[in-house]
Amino acid sequence: MTTRFEVRCGGRPVALMTATTAHEALGEYLRAIGCNRTEIVRMGSDAAAWRGATYRAVPVESPTLRAS
């Protein structure tokens, strides 16, 4: 099952990614901006560092529909 993740650099949102895990979303984003896989430093299941910047992926909640 895929989930939408907001990728943040520090506290600033930088992208929305769809992936099965936060780690996968981070990896796809970092490779898309030119990061070599060997340069990514994993910092947990939802965080990674690249060239001194820390990136975190957080799930984005789906909007709920209200019954009228």
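Please refer to the structure placed before this passage.
Keep in mind the model is a prediction, meaning the values are calculated, not measured.

A. Structural detail: the environment of Gly27. Structurally, Gly27 is set in helix α1 (residues 22–32). Taking the relative accessible area as the measure of exposure, Gly27 reaches 10% and is therefore buried. With 21 residues separating them in the primary sequence, Gly27 and Ala48 have C-alpha atoms 8.4 Å apart.

B. View of unusual backbone geometry. One non-glycine residue with positive phi stands out, namely Arg51, at about 50 degrees. With relative accessibility at 66%, the residue Arg51 sits in the exposed group.

Rules of the game
- Position labels on residues start from 1 in each chain and follow its written sequence.
- Side-chain atom pairs in this predicted model are given and counted only at pLDDT of 80 or more, local residue features only at pLDDT of at least 70, and totals for whole chains, interfaces and linings cover all residues.
- Hydrogens and water molecules were not included; the side-chain quantities draw on all heavy atoms of the structure.
- Note on conventions: DSSP H or I runs of at least 4 residues are helices, E runs of at least 2 residues are strands, and numbering of each starts at the N terminus.
- Note on exposure labels: buried denotes an accessible area under 20% of the residue type's maximum, exposed denotes more than 50%, and partly exposed covers the range between, all computed with a 1.4 Å probe on protein chains only.

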